[in-house]
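Okay, here's what each chain looks like letter by letter:
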Amino acid sequence: MSGLVAMSHSPSWNLLFDHEGPGAGFVRAVGRARDLVAELRPTTLVVFGPDHFRNFFWDVMPPFCIGAGSVQGFGDYDSPKGTLPGNPELAAFVAERVLDSGFDPAVSLNMGVDHGVTQPFAALAGAAPMSILPIMVNCGGGPMPSLRRCFDFGKAVGAAVRAFTSEGGVVFVGSGGLSHSPPSVSPFDPSVSPDNRDYVINGRSRAAEFNAARERQSIERRKAGGVGPVNERWDAWFLEHVRSGDLEPILALAGEDLLREAGVGGPGGPRVDGRAWGLERTHSTHELRSGAHLDYRDGLHHRFGRLKRGRPMSDHEHRSIWGHLTQLAFKQDWIDAGGIRTRYVQAGPSDAPVLIMLHGTGSSWECFCATLQSHSAHFNCLAIDLVGSGFSDKPDTPYEIPYYVEHLRAFMDAMGVQKASMMGVSLGSWISGRFVVTYPERVEKLVLLASSGLIVNKETMGRTIGVRSKAVDDPTWEHIKPVFNSILFEERDRIPDLIQLRQTIYMQPEMKRAMDNILVLQREEVRLRNNLSEDDWRSVQQPLLIILAPDDNPDYLVTGRRIAELAPNARTCEISGVKHWAHYEKPEVFDPVSLGFLLEDR
């Protein structure tokens, strides 16, 4: 399901719905919009909005910026402050698609947003579990994208969202204002004071101080009852063309016409959407009494239809785990590893050098299905289900890293393996790292994907707990599939085989308790005592190959790069268009790099 909400944002509103007096009509309209959004039950709000020089400055000012990683609310005017639930998978997909459509938006992996974005998000989402995909549109001064450019950009974003397979709906939100005229803040306007001009260019470090002063001025202006000029005739003309769908007269408007009719703060005017230096009553009062409407200058003209659930619009061939294994000779079995019945798969000559493959959180050996054949031509490959995961035993004890390490040591002893190279993904890379520090004599080389075990990010840990707990508490298809959104970059790689396998694993009676034990590493105090120190990584003398995936969660990119700086014999390879599972998503790229590294000096 999908919908569109076009509404103002206003620093005069504190997000309470019992508002009386000026602006009550607007608040009632937002309340009705919130009820409609609740009926649609979307999972994501795509919010087009401006920034009022709280986060974006004229040191670098893009025409459009897509928030594709962490989203941080500035907290101005009682709007949400701190981390907001983003949707990096959808955002990365949209960014790539609009690039292919001829647009060049900036992409931020740590995007700050102010009340122009956070107020509509908070008002419409309420307490519902929705994520946000923020898209900033430059409204702070020329050169700015034209109205027609914004219209075309909105269509490109809509087409990208339609092509993305979503478990729920997406509602689009246009946040802005109609005619109003706050003071100009354009650094290209000679009437702007030197201090203000310096701030909009170099004020990033002074944003908190600036915001506090402007909020005080806003309160004083509202108490004084000042009302700035608005053009209700032009507003009515604008909205009528929007209602009728006859947008061409709006798209044809030139900058001078917009300035004359709509003012500095209106659709298309060089402003920060009504707030920067001194809030006029213009913005706060006019927008509150105008009801919910869309500032089309802020990037959304296109009327989006209903979004379809299911596959992307383009067809692709059926894919399965067995498609990777049909030409592979392998054996699956269980072995007692220190009292833990451990599932594993073996492929390759038994007398070849050993390569042990370690999966990530709550996964199983099948995550290596796409790379087993290539590597087993040269190695005795042993891919295991870690303790508590897959179809190995699940003793009721917290699975901290030393526990995994001892399970791995017991597995090697049971298999008669004295020394091995290791390939670890996410949690598997963390275990590999601790293993080589603890038992350096038993490790030849390491290949690390989605490197973990060095930093702590509460947002990432909280998201992992939420998604995995939901999946194991109620292992429906709808709850299992989102697990793979953070693992696999391309929707086409999130194949039903992988989802069904994970569903089967999570439906095991003991899995809920096991997941609680697995997720202890997502608690800050536990993670801190289990992380490897920088000195630990400096001590690793074995050759390391670190796969860097710039399209994955930045945590893993930062960790991988830092390990590469610390470990004396580390090298890196960057693979784009993948997340955790580069070996699965792009084996044609990964395999030659990995094998070249592992076979070097043999």
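Look up: the structure comes first, before these words.
These numbers come from a predicted model, not from an experiment.

A word on the environment of alanine 383
Next up, step 1: Here alanine 383 is to be found in strand β11 (residues 380-384).
Next up, step 2: Relative accessible area serves as the criterion here: at 0%, alanine 383 is assigned to the buried category.
Next up, step 3: In this structure the C-alpha to C-alpha distance between alanine 383 and methionine 357, which are 26 residues apart in sequence, comes to 4.5 Å.
Next up, step 4: Not counting the four nearest positions on each side in its chain, alanine 383 is found in contact with Arg343, Tyr344, Val345, Met357, Trp365 and Phe368.

Focus: the sheet that holds strand β13 (residues 443-449)
Next up, step 1: One open sheet accounts for 8 strands, arranged β8-β9-β11-β10-β12-β13-β14-β15; its pairing is mixed. Only two strands of the sheet have a single partner each, and these edge strands are β8 (330-337) and β15 (570-574). Here the strands of the sheet are splayed against their neighbours by 20 degrees on average, with no regard to which way each runs.
Next up, step 2: Relative to β11, strand β10 (residues 354-358) runs parallel, the two sharing 5 bridges. Within the sheet, the bridge partner assigned to valine 354 lies in β11 and is asparagine 380.
Next up, step 3: Across the sheet, helix α13 (residues 401-415) lies against β8, β9 (340-347), β10, β11 and β12 (420-425), angled at about 115 degrees from β8, the strand it touches most.
Next up, step 4: Contacts from helix α14 (residues 427-438) reach β10, β12 and β13 within the one sheet, and its direction differs from that of β12 by about 145 degrees.

Topic: unusual backbone geometry
Next up, step 1: Its identity is not glycine, yet tyrosine 77 carries a phi of approximately 55 degrees, on the positive side.
Next up, step 2: You can see tyrosine 77 is positioned in the loop between β3 (64-74) and β4 (81-84).
Next up, step 3: Exposure remark for tyrosine 77: the relative accessible area of 5% places this residue in the buried category.

Looking at helix α17 (residues 496-506)
Next up, step 1: Looking only at α17, the buried set comprises Leu498, Ile499, Leu501, Arg502, Gln503, Ile505 and Tyr506.
Next up, step 2: Here the buried face of α17 lies against α15 (458-473), α16 (477-480), α18 (511-518) and α22 (582-585).

Description of the packing of aromatic side chains
Next up, step 1: If you walk through the whole model with that rule in mind, you get 14 aromatic pairs.
Next up, step 2: Relative to phenylalanine 153, the ring of phenylalanine 64 has its centre 3.9 Å away and its plane inclined at 10 degrees; by these criteria the two rings are stacked. Of this pair, phenylalanine 64 sits in strand β3 while phenylalanine 153 sits in helix α4 (residues 147-163), and the two are 89 residues apart along the sequence.
Next up, step 3: Grouped by ring-pair contacts, the aromatic residues Phe53, Phe57, Tyr199 and Phe210 constitute a single cluster.
Next up, step 4: Over the aromatic face of phenylalanine 597 sits the side chain of lysine 445, whose NZ or CZ is 5.1 Å from the ring centroid.

Thoughts on the environment of leucine 498
Next up, step 1: Its location among the elements puts leucine 498 in helix α17.
Next up, step 2: Placed 131 residues apart in sequence, leucine 498 and cysteine 367 show a C-alpha to C-alpha distance of 8.3 Å.
Next up, step 3: Setting aside residues up to four positions removed in sequence, leucine 498 forms contacts with Ile321, Phe484, Leu488, Asp493, Trp581 and Tyr584.

Points about the side chain of histidine 241
Next up, step 1: Within the secondary structure, histidine 241 sits in helix α7 (residues 232-244).
Next up, step 2: Polar side-chain contacts of histidine 241 include one of 3.1 Å to the side chain of tryptophan 237.
Next up, step 3: Leaving out residues up to four positions away in the same chain, histidine 241 has contacts with Asp246, Leu247, Pro249 and Ile250.

Details of the pattern of salt bridges
Next up, step 1: As enumerated under the stated definition, the model contains 25 salt bridges in all.
Next up, step 2: The salt bridge involving arginine 204 is made with aspartate 59; its shortest N-O contact spans 2.8 Å. On the criterion of sequence distance, the pair formed by arginine 204 in the loop between α5 (194-202) and α6 (207-224) and aspartate 59 in the loop between β2 (42-49) and β3 is long-range, its members being 145 residues apart.
Next up, step 3: Taking the relative accessible area as the measure of exposure, aspartate 59 reaches 41% and is therefore partly exposed.
Next up, step 4: Residues glutamate 248 and arginine 148 are paired through a salt bridge, measuring 2.6 Å at the closest nitrogen-oxygen approach. Residue glutamate 248 is found in helix α8 (residues 248-251), and its partner arginine 148 is found in helix α4; the two are separated by 100 residues along the sequence.
Next up, step 5: Since its relative accessible area comes to 43%, glutamate 248 is described here as partly exposed.
Next up, step 6: For arginine 148, a relative accessible area of 32% gives the class partly exposed.

Considering α14
One turn of the α-helix equals 3.6 residues, which is why residues spaced by three or four share an orientation.
Next up, step 1: Given a rise of 1.5 Å per residue, 12 residues ought to cover 16 Å, and the 16 Å separating the end C-alpha atoms of α14 matches this to within 8%.
Next up, step 2: Most of α14 is tucked away: 10 of the 12 residues are buried.
Next up, step 3: Among the residues making up α14, those that are buried are Leu427, Gly428, Ser429, Trp430, Ile431, Ser432, Gly433, Arg434, Phe435 and Val436.
Next up, step 4: Buried residues in α14 make contact with β10, α13, β12, β13, α19 (524-530) and α20 (534-539).

Topic: the packing of α13 against α14
Next up, step 1: Close contact between α13 and α14 brings their axes to 9 Å; oriented N to C, the two are set at 75 degrees. In terms of their interaxial angle, α13 and α14 are classed as roughly perpendicular. The residues of α14 that touch α13, namely those facing Ile401, Tyr404, Val405, Leu408, Arg409 and Met412, are Leu427, Trp430, Ile431, Arg434 and Phe435.
Next up, step 2: Residues that form the contact of α13 with α14 fall into these classes: 9 nonpolar, no polar and 2 charged.

Remarks on the pairing of β3
Next up, step 1: Summarising burial for β3: 10 of the 11 residues are buried, a large majority.
Next up, step 2: Across 3 bridges, β3 lies against strand β6 (residues 131-137) in antiparallel orientation. Directly across from phenylalanine 64, in β6, lies its bridge partner valine 137.

The rules we used
Residues numbered from 1 in each chain as written. Predicted model: local features only at pLDDT ≥ 70, side-chain atom pairs only at ≥ 80, totals over all residues. Heavy atoms only, no water. Helix = DSSP H or I, 4+ residues; strand = E, 2+ residues; numbered from the N terminus. Buried < 20%, exposed > 50% of the residue type's maximum accessible area, 1.4 Å probe, protein only. Contact = heavy atoms within 4.5 Å. Pairing = 2+ DSSP bridges. Axes fitted to C-alpha atoms, helices over the stretch in contact; angles between N-to-C directions. Phe/Tyr/Trp six-rings, centres within 6.5 Å; stacked < 30°, edge-to-face > 60°. Lys NZ or Arg CZ within 6 Å of the ring centre and 35° of its normal. Polar contact = N/O pair within 3.5 Å; in protein donor to acceptor, adjacent residues only side chain to side chain. Salt bridge = Lys/Arg side-chain N within 4 Å of Asp/Glu carboxyl O. Expected span 1.5 Å × (residues − 1). Parallel < 35°, antiparallel > 145°, perpendicular 65-115°, else oblique. Nonpolar A, V, L, I, M, F, W, Y, C, P; charged D, E, K, R; others polar.

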